[in-house]
Amino acid sequence: NLAPHLSSHHRLRGTEPQALTTLERETQQMATEVVLRHHERLAGNGIQNAAALIIEVATGEVVAYVGNVPHFSPALHHNHVDIIQARRSTGSVLKPLLYSAMLRDGALMPDQIIPDIPTRVGGFSPLNFGRTYDGAVPASKALARSLNVPAVRMLQEYGLDRFYAELESLGMSTLTKPASHYGLSLILGGSEASLWELTGIYAGLARATVQGR
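Residue numbers here run from 1 along each chain, matching the order of that chain's written sequence. Given that this is a predicted model, residues contribute local features only at a pLDDT of at least 70 and side-chain atom pairs are listed and counted only at 80 or more, while totals for whole chains, interfaces and linings are drawn from all residues. Note that water and hydrogens are dropped before the side-chain values are worked out from all heavy atoms of the structure.

(A) Broad picture of the overall build of the protein chain. Tallying secondary structure elements over the protein chain gives 8 helices and 6 strands in all. Starting at the N terminus and ending at the C terminus, the protein chain contains elements arranged as α-α-β-β-β-α-β-β-α-α-α-α-β-α. Note on classification: 1.4 Å probe, protein chains only; a residue is buried when its accessible area is under 20% of the maximum for its type, exposed when over 50%, partly exposed between these limits. Every one of the 213 residues in the protein chain was classed for burial, and the buried ones make up 36%. Sequence separation of at least 24 residues holds for 63% of the intrachain contacts in the protein chain that already meet a minimum separation of 6. Reported accessibility uses the Shrake-Rupley method at a 1.4 Å probe radius. Residues are deemed covered only where the shown protein chains occlude them. When the accessible surface of the protein chain is totalled, it reaches about 11,900 Å², and 55% of it is carbon and sulfur. Distance from the positive charge centre (18 side chains) to the negative charge centre (18 side chains) of the protein chain: 6 Å. Only runs of H or I of at least four residues qualify as helices and only runs of E of at least two qualify as strands under DSSP, and these elements are numbered from the N terminus. In this analysis, two residues are considered to be in contact whenever any of their non-hydrogen atoms come within 4.5 Å of each other. Positive charges come from Lys and Arg, negative ones from Asp and Glu, while His and the chain ends are left out of the count. A charged residue contributes its charge at one atom only: NZ of Lys, CZ of Arg, CG of Asp or CD of Glu.

(B) Molecular detail of the environment of V93. Among the structural elements, V93 can be located in the loop between β3 (87-89) and α3 (95-104). Residue classification places V93 among the partly exposed positions, given a relative accessible area of 32%. In this structure the C-alpha to C-alpha distance between V93 and Y158, which are 65 residues apart in sequence, comes to 17 Å.

(C) Spotlight on empty space enclosed by the protein. Buriedness for pockets is judged along seven lines, at least five of which must meet protein on both sides within 12 Å for an open set on the 1 Å grid over protein atoms alone, while cavities are sets there where a 1.4 Å probe fits but cannot get out, and lining residues have an atom within 4 Å of a point. Grid points are joined across faces, edges and corners, and a volume is the space filled by probe spheres set on the points. According to the stated counting rule, one finds 1 cavity of 30 Å³ or more in the structure shown. By volume, the largest cavity is sized at about 70 Å³. Taken together, K95, L98, Y99, A142, L143, S146, L147, A151 and M154 make up the lining of the largest cavity. Contributions of two or more residues to the lining of the largest cavity are made by α3, α4 (139-144) and α5 (148-158).

(D) Representation of the nonpolar core within the structure. Membership of the largest hydrophobic core comes to 28 residues, with the highest contact counts inside it found for L94, L98, F163, L167, L186 and I187. For L186, the contacting residues outside a window of four places in its chain are T90, L94, L160, F163, L167, L175 and S191. What we call a nonpolar core is a set of buried Ala, Val, Leu, Ile, Met, Phe, Trp, Tyr and Cys residues that are connected through their side-chain atoms within 4.5 Å. By size, the runner-up hydrophobic cluster in this structure holds 8 residues, among which are A3, I55, Y65 and A203.

(E) Representation of the pairing of strand β4 (residues 113-116). Here β4 shows one buried face, formed by I114 and D116, and one open face, formed by I113 and P115. Here 4 bridges tie β4 to strand β5 (residues 135-138), and the two strands are oriented antiparallel to one another. When the sheet's bridge partners are listed, P115 is paired in β5 with A136. Whether two strands pair comes down to DSSP finding at least two bridges between them.

(F) Structural view of the packing of aromatic side chains. Note on aromatic contacts: the rings of Phe and Tyr and the six-membered ring of Trp form a pair at centre separations within 6.5 Å, being stacked when their planes are under 30 degrees apart, edge-to-face when over 60 apart, and tilted otherwise. The final tally for this structure, using the stated rule, is 2 aromatic pairs. Centroid distance Y65 to W196: 6.1 Å. Interplanar angle 55 degrees. Geometry classified as tilted. Note that Y65 is positioned in strand β2 (residues 62-66) and W196 in helix α8 (residues 195-212), a separation of 131 residues in sequence. On the basis of relative accessible area, Y65 is assigned to the buried category, the value being 1%.

Just distances and angles here, no functional claims.
Next up, the structure:
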């Protein structure tokens, strides 16, 4: 009852009940309470769905799984839908993966200056959220501020096909079309992903960081 979406997910897949044993009851309850608090604040802006997934970095085990706001009656906002498994636009969450890949491959340094200027590639003209430009910005600060134009320029330099292959190697299975279909908008949310896979990918990055120290 504390994890109805996860229970339903495993039931539909025919997974044995042991698959639920990594959940930590107290963590699950706390995560549910956090989701409910955020929902109360965000519902006024029409945001009726929210989810939380917590994974133990060292083991990859799921310790909390809140697939949606646990209000099932009335089902006006489809809270029964497990949005941890649902595919949604990636938004900006792929930017750290590009940054990490470029650092690893020696294609980028944290202090390397990236142009943040009006840019047009074919018919694609990316804009920063604030619709302003800094002229030039260190790569690390461009990532911290989630600037769109530098991210597109970094992807262009690294190579679209190369980054596409990197995402597949990390376990992103939702890239159902060739890289050319997404183009450079891939780094700005032009593709879809599930919270389930993205959390696993980020946990893998965290493990690699810890092991590399």
